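# Analysis of the macromolecular model
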Amino acid sequence: MSDNPWNEGSATGVGSHPGEDVLVALKTVFDELPVPYLPELPGRGVGADVIGRTASLLVELPVEVQPSGWRFSDRPGRDFKRARDHLLRDLDMLEEVSQGYSGPFKIQVCGPWTLAGSIELRHGDKTLADKGAVRDLVDSLADGLAAHVADVRKRVPGAELIVQVDEPGLPGVLAGNVPTASGFGRVAAVEASNAADRLGRVLSVADFPIVHCCAPHVPFSVLRTAGARGISFDTALMRRTDEDEIGAAIEAGTALLLGVVPGVDTRLPAVDAVAKPAVELWRRLGFRPETLARQVVLTPSCGLAGASPAYAKAALIRCREAARVLREDPEAE
């Protein structure tokens, strides 16, 4: 038996939705998905973006928006308050929509390495370039996330909480590809062991942490070392050279959240075609078909903020339908 918080043949979304109506987004995920989540609506502007939203959770590290992007500041200002207000309103709406709900429920935050590569220090350097600043950011995020988790548990007491940490910037951090604040250089690469240690500090505050990385070169071993119970990625970016690490993750019991439907408007593939990447991966790696639906959750390839509302809903439904195939016919061609 699996100790994952979802039932066999489950589907969920990555996080972001189009539009500005969180009530509509919440009703969609609770109505259509086995694993609902707290939607993010970056279309609302400053503070609703993934960086600002997570920065509003930081303890004693206020941020503000400069022409170059988010930067740490001396005191909380308008931008910080706007980000915090967006999140609190969303949580109030969640509490209303989720009345009586019991089961798996997912929240998402930006991970420490992506934050460190995105937020500037007061004097203008990237946080990533200062090891002490990275350590402070990690501690602040871990404390803020712990408080956020406690708040969500209080608002949705029947939830089996899954915490998704988004790290699209981590491959670049490990490769030394993150530009300096000036744009003329690159911040030195971070060692894999250090990356896993700092990420692990944040993941440790969650009972069931997963990491989402929709960039190429997902660092599977780093994420597993950090303590991720699940890894979420876009199957279209998967390379055959990743398959040894993916196989090791499956053998270790790590859940895979596989992105199988485009995140922007297109003609949706047939249900069997959506399920196919998961079925073929399992077959190539030699795992028993009956374990597929237990260990794999289907999702869109990334967030849905760039899609139309109608497509976003249809994409989630298609993921749900394809996940049923994994459970009922895992050997389907």
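Residues numbered from 1 in each chain as written. Predicted model: local features only at pLDDT ≥ 70, side-chain atom pairs only at ≥ 80, totals over all residues. Heavy atoms only, no water.

### Looking at the pattern of salt bridges
Keep this limit in mind: What counts as a salt bridge is simple: a side-chain nitrogen of Lys or Arg found within 4 Å of a carboxyl oxygen of Asp or Glu. Strands here mean DSSP runs of E at least two residues long; helices mean DSSP runs of H or I at least four residues long; both are numbered from the N terminus. Residue burial is assigned from relative accessible area. The probe radius is 1.4 Å, only protein chains are included, and a residue is buried under 20% of its type maximum, exposed over 50%, and partly exposed in between.
Tallied over the entire structure, the rule returns 23 salt bridges. Note that Asp 85 is salt-bridged to Lys 81, the shortest N-O span being 2.9 Å. Separated by four residues within a single helix, Asp 85 and Lys 81 lie in helix α3 (residues 78–97), roughly one turn from each other. When its relative accessible area of 52% is taken as the criterion, Lys 81 is described as exposed. Three or more residues are tied together by salt bridges with common partners; here these are Asp 92, Glu 95, Asp 151 and Arg 155.

### Points about the nonpolar core
Our working definition: Among buried residues, the Ala, Val, Leu, Ile, Met, Phe, Trp, Tyr and Cys ones that are joined through side-chain atoms within 4.5 Å form a nonpolar core. Pairs of residues are marked as contacts when any of their non-hydrogen atoms sit within 4.5 Å.
Counting residues in hydrophobic clusters, the biggest one holds 98 residues, and the most contacted among them are Phe 105 and Leu 298. Looking at this core, the element that brings in the most residues is helix α12 (residues 309–328), giving nine residues. Here Phe 105 is in contact with Phe 30, Pro 36, Tyr 37, Leu 38, Leu 94, Val 152, Ala 159, Glu 160, Leu 161 and Ile 162, once residues within four sequence places are set aside. With eight residues, the next largest nonpolar core counts Val 35, Ile 162, Phe 208 and Val 297 among its residues.

### A look at the pairing of strand β5 (residues 159–166)
Inclusion rule: Following DSSP output, two strands are said to pair if at least two bridges run between them.
Of all eight residues in β5, seven are buried, a share of seventy percent or more. By the bridge criterion, eight bridges tie strand β4 (residues 103–110) to β5 in an arrangement that is parallel. Residue pairing in the sheet places Gln 108 in a bridge with Gln 164 of β5.

### Things to note about unusual backbone geometry
One non-glycine residue, Glu 60, lies in positive phi territory at about 60°. Residue His 217 is not a glycine yet carries a positive backbone phi of 65°. Along the chain, the position of His 217 falls in the loop between β6 (209–212) and α8 (220–226). Note on His 217: relative accessible area 47%, which makes it partly exposed.

### Concerning the packing of aromatic side chains
The description of two aromatic rings rests on the distance between their centres and on the angle between their planes. Short version of the rule: When the centres of two rings from Phe, Tyr and Trp lie within 6.5 Å, Trp using its six-membered ring, the rings pair. Their planes under 30 degrees apart give stacked, over 60 give edge-to-face, and anything left gives tilted. Criterion for a charge above a ring: Arg CZ or Lys NZ at most 6 Å from the ring centre, at most 35 degrees from the ring normal.
Tallied over the entire structure, the rule returns five aromatic pairs. Note on Trp 282 and Phe 287: the rings are 5.6 Å apart at their centroids and 45° apart in plane angle, and the pair reads as tilted. Side by side, Trp 282 and Phe 287 carry an identical accessibility label, which is buried. What links up through ring pairs into an aromatic cluster is the set Phe 30, Tyr 101 and Phe 105. Over the ring of Tyr 37 we find Lys 106; its NZ or CZ atom is 4.9 Å from the centre of that ring.

### Focus on the packing of α3 against helix α5 (residues 131–155)
If you want to describe how two helices pack, look at the angle between their axes and the distance between the axes. Let me state the cut-off plainly: What counts as an axis is a line fitted to C-alpha atoms, over the stretch in contact for a helix, and the angles between N-to-C directions run from 0 to 180 degrees. Orientation categories follow fixed angle ranges, with anything under 35 degrees roughly parallel, anything over 145 roughly antiparallel, 65 to 115 roughly perpendicular, and all other angles oblique. Two helices that cross are described as forming a left-handed crossing if the nearer one is turned anticlockwise from the farther one by less than a right angle, and a right-handed crossing if clockwise.
Contact geometry of α3 with α5 gives a least axis separation of 9 Å together with a crossing angle of 30°. Considering their axes alone, α3 and α5 lie roughly parallel with respect to each other. Along this stretch, α3 crosses α5, giving a crossing that reads as right-handed. Only His 148, Asp 151, Val 152 and Arg 155 of α5 make contact with α3, whose side of the interface consists of Leu 87, Leu 88, Leu 91, Asp 92 and Glu 95.

### Some points on the sheet that holds strand β7 (residues 230–234)
Taken together, the seven strands give an open sheet; going across it, the order is β1-β9-β8-β7-β6-β5-β4, and neighbouring strands pair in parallel fashion. Each of the sheet's edge strands pairs with one partner strand only, and the pair in question is β1 (10–11) and β4. Here β5 runs beside β6; their pairing, made up of four bridges, is parallel. Each bridged residue has a counterpart across the sheet, and for Val 165 the counterpart in β6 is Val 211. Running over the sheet, α12 touches β1, β8 (255–261) and β9 (296–300) and is turned about 160° from β9.

### Concerning the side chain of Ser 73
Examined against the element boundaries, Ser 73 turns out to sit in the loop between β3 (69–72) and α3. Setting aside chain neighbours within four positions, we find Ser 73 in contact with Pro 62, Val 63, Glu 64 and Arg 122.

### Focus: α3
The test is simple: Multiplying one less than the number of residues by 1.5 Å gives the expected span of a helix. Of all possible arcs, the one meant is that of the directions from the helix axis to the C-beta atoms.
An ideal rise of 1.5 Å per residue puts 28 Å on 20 residues; α3 measures up with 29 Å between its terminal C-alpha atoms. Among the residues of α3, Asp 79, Phe 80, Ala 83, His 86, Leu 87, Asp 90, Leu 91 and Leu 94 are the ones counted as buried. Projected down its long axis, α3 carries its buried residues within an arc of 130°, all on one side. Looking at α3, the residues exposed on the side facing more than 90 degrees away from the buried face are Arg 78, Lys 81 and Glu 96. Considering only its buried residues, α3 is in contact with α1 (22–32), α2 (50–55), β2 (63–66), β3, β4 and α5.

### Concerning the environment of Gly 117
Relative to the helices and strands, Gly 117 is located in the loop between α4 (112–116) and α5. Taking C-alpha positions, Gly 117 is 9.5 Å from Ala 181, a pair spaced 64 residues apart along the chain. Gly 117 has contacts with Lys 126, Leu 128 and Val 178, leaving out every residue within four places of it along the chain.

Read these as spatial facts, not as claims about activity.
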